[in-house]
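# What the coordinates show
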Amino acid sequence: MSDYIKLHELDNVGVLITPREGIPAGHKIALRNIAKGEKVIKYGCPIGTAQSDIKEGEWIHSHNLKTALSGEKEYTYDPQPIHQAAPFEGTFMGYEREDGKVGIRNEIWILPLVGCVNHTAQRIAAEGSKLGPAPVYTFPHPYGCSQLGDDHARTRELLCALVRHPNAGGVLVLSLGCENNTLDAFKEHLGPVNEKRVKFLVCQEHEDEEAAALELIQQLQNELKNDKRTEQPVSKLVIGLKCGGSDGFSGITANPLLGAVSDGICAAGGTALLTEVPEMFGAESLIMGRCKNEEVFQKTCDLINGFKQYYIENHMPVYENPSPGNKAGGITTLEEKSLGCTQKGGLGEVQNVLQYTE
């Protein structure tokens, strides 16, 4: 039995399952002689360039492999055949909300409009969890004041989105009273809500803001206590995909498994959200080939190049990733990490590209 895995017929490297002398498991070995300047191939795609002649069986890592990533690129729309996964059957148990969305949790969330009330919100959450069956959480952040333009708008939009999140059965919006992100402006942007489920409090308008907040939390607890999970179709399920700490095995174990789950959910009409744009660098062409049309393709190009330009404008290399822990686990370049990371999104059609807070 071989002690390595070859992931794709085009690969010139294998991933060690068990360690060899001086080479840890999860790291790469050359499957043939690789000349200096030649592309190193894993997952059927280039993960960098050999920095010296590499002999068959030799360890390939940071000492002899370098990223080929640089700045922005021009891409060509080249749609590829789409993998048609079998839709997941069955149902899941969830809390259906008035807007038709379904949550898998039924929690009370305290949303500070400004960082100045973070600690107050944390104290209220700790006491509010004792008042009923629903756990109470808060989302501390350093924003909401002294912000301008897009930064201010994104803070407000993200908080509005959290108010309407289906995992929140009840929400307390907590304002200090003097911040840029004023409660009146926030309410106007938020629009109409169910006042039994969404409460508002301005701390500076109360002598004892914690007592006033706990009264509102008690009202929310009373409203939520009769909520029941009901059977829901997979088409109502939305999953978010994030990093769990990558190593040389992530791209051949957990990530492809998540990709299969994503494909099954999406085929049934549900939604999977692939995040971490800088961990798409080097694998973006695979995503672009699955875009449903040229408009989505162009949005993907703009997303990738926009992030790269952000790095460049701040005098940072676009290939700064992977982390020391990733490298210790066998990942050498950002291309290699990205090719493993993006597998969480599966092989299905890319329907849309969303910016932060959308």
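Our subject in this report is the structure included herewith. Everything quoted here is computed from the prediction, not taken from an experiment. (Residues numbered from 1 in each chain as written. Predicted model: local features only at pLDDT ≥ 70, side-chain atom pairs only at ≥ 80, totals over all residues. Heavy atoms only, no water.)

### Notes on the nonpolar core
Using the following cut-off: For the purposes of this section, nonpolar cores are sets of buried Ala, Val, Leu, Ile, Met, Phe, Trp, Tyr and Cys residues that join through side-chain atoms within 4.5 Å. For every residue, the accessible area (1.4 Å probe, protein chains only) is compared with the maximum for its type, and the residue is labelled buried under 20%, exposed over 50%, or partly exposed between those bounds. The helix count covers DSSP runs of H or I at least four residues long, the strand count covers runs of E at least two residues long, and both are numbered beginning at the N terminus. The contact definition used throughout considers only heavy atoms, calling two residues in contact when any of these lie within 4.5 Å.
Of all hydrophobic cores here, the largest spans 20 residues; its most connected members are I108, I110, L172, L174, L201 and I217. When residues of this core are traced back to their parent elements, those giving at least two are β10 (107–112), α1 (118–128), β12 (168–175) and α4 (209–224). The element that contributes the greatest number of residues to this core is α4, accounting for 6 residues. Sequence-distant contacts of L201, defined by excluding residues within four places in its chain, comprise L172, V173, L174, S175, H206, E209, A212, A213 and L216. Among the nonpolar cores identified, the runner-up in size contains 18 residues, and Y75, V277, M280 and F307 belong to it.

### Details of the environment of G14
Looking at where G14 falls in the secondary structure, it is placed in strand β2 (residues 13–16). Residues G14 and D302 lie 288 residues apart in sequence; the distance between their C-alpha atoms is 34 Å. In contact with G14, other than residues within four places in its own chain, are Y4, I5, H27, K28, I29 and L31.

### Regarding the side chain of H27
Definition in use: Counting of polar contacts relies on pairs of N or O atoms within 3.5 Å, with two restrictions inside protein: one atom must be capable of donating a hydrogen and the other of accepting it, and residues adjacent in sequence are counted only when both atoms are side-chain atoms.
Looking at where H27 falls in the secondary structure, it is placed in the loop between β2 and β3 (28–30). The class for H27 is buried, based on a relative accessible area of 2%. From its side chain, H27 meets the backbone oxygen of A328 in a polar contact 3.0 Å long. Those residues in contact with H27 that sit more than four places away from it in its chain are G14, V15, L16, W59, H61, K327, A328, G329 and G330.

### A short note on the environment of I239
Counting through the fold element by element, I239 comes out in strand β15 (residues 238–241). For the pair I239 and C266, spaced 27 residues apart in sequence, the C-alpha separation works out to 9.9 Å. Setting aside anything within four residues of it in sequence, one finds I239 in contact with V261, S262, I265, T271, A272 and L273.

### As for the sheet that holds strand β1 (residues 4–5)
Applied cut-off: Should DSSP find at least two bridges between two strands, the strands are regarded as paired.
Strand order in the open sheet made by the 4 strands is β1-β2-β3-β6, with antiparallel pairing throughout. Edge positions in the open sheet fall to β1 and β6 (59–60), since each of these has one partner strand only. By the bridge criterion, 2 bridges tie β1 to β2 in an arrangement that is antiparallel. What sits directly across from Y4, in β2, is L16.

### Let's talk about the packing of helix α2 (residues 149–163) against helix α3 (residues 183–190)
What counts is decided by this rule: An axis is simply a line fitted to the C-alpha atoms; with a helix, the fit covers only the stretch in contact. Between two such axes, the angle follows the N-to-C directions and lies from 0 to 180 degrees. A crossing counts as left-handed when the near helix is turned anticlockwise from the far one by less than a right angle, and as right-handed when that turn is clockwise. Charged residues are taken to be Asp, Glu, Lys and Arg, nonpolar residues to be Ala, Val, Leu, Ile, Met, Phe, Trp, Tyr, Cys and Pro, and polar residues to be all remaining types, Gly included.
Here α2 crosses α3 at 60 degrees, and the two axes come no closer than 10 Å. For the element pair α2 and α3, the recorded crossing hand is right-handed. Packed against α2, whose contacting residues are R156, E157, L159, C160 and V163, the element α3 presents F186, H189 and L190 at the interface. Its residues assigned to classes, the contact of α2 with α3 comprises 5 nonpolar, 1 polar and 2 charged.

### Things to note about the packing of aromatic side chains
Spelled out, the test is: Centres within 6.5 Å are what make two rings of Phe, Tyr or Trp a pair, Trp counting through its six-membered ring; a difference in plane orientation under 30 degrees is then read as stacked, over 60 as edge-to-face, and the rest as tilted.
Under the definition given, this model contains 4 aromatic pairs. Ring centres of F281 and Y311 lie 6.1 Å apart, and the angle between their planes is 70 degrees; on these two criteria the pair is classed as edge-to-face. Taken together, the residues F281 in the loop between β16 (271–274) and α6 (284–288) and Y311 in helix α7 (residues 294–313) connect sequence positions 30 residues apart. Relative accessible area serves as the criterion here: at 0%, F281 is assigned to the buried category.

### Brief notes about the pairing of strand β5 (residues 45–50)
Looking along a regular strand, one sees the side chains alternate between the two faces of the sheet. Note that strand β4 (residues 39–42) and β5 share 4 bridges and pair antiparallel. Its bridge partner lying in β5, I41 is registered against P46. Where β5 meets strand β7 (residues 65–66), 2 bridges bridge the pair, whose relative direction is antiparallel. Its bridge partner being in β7, A50 is matched across the sheet by L65.

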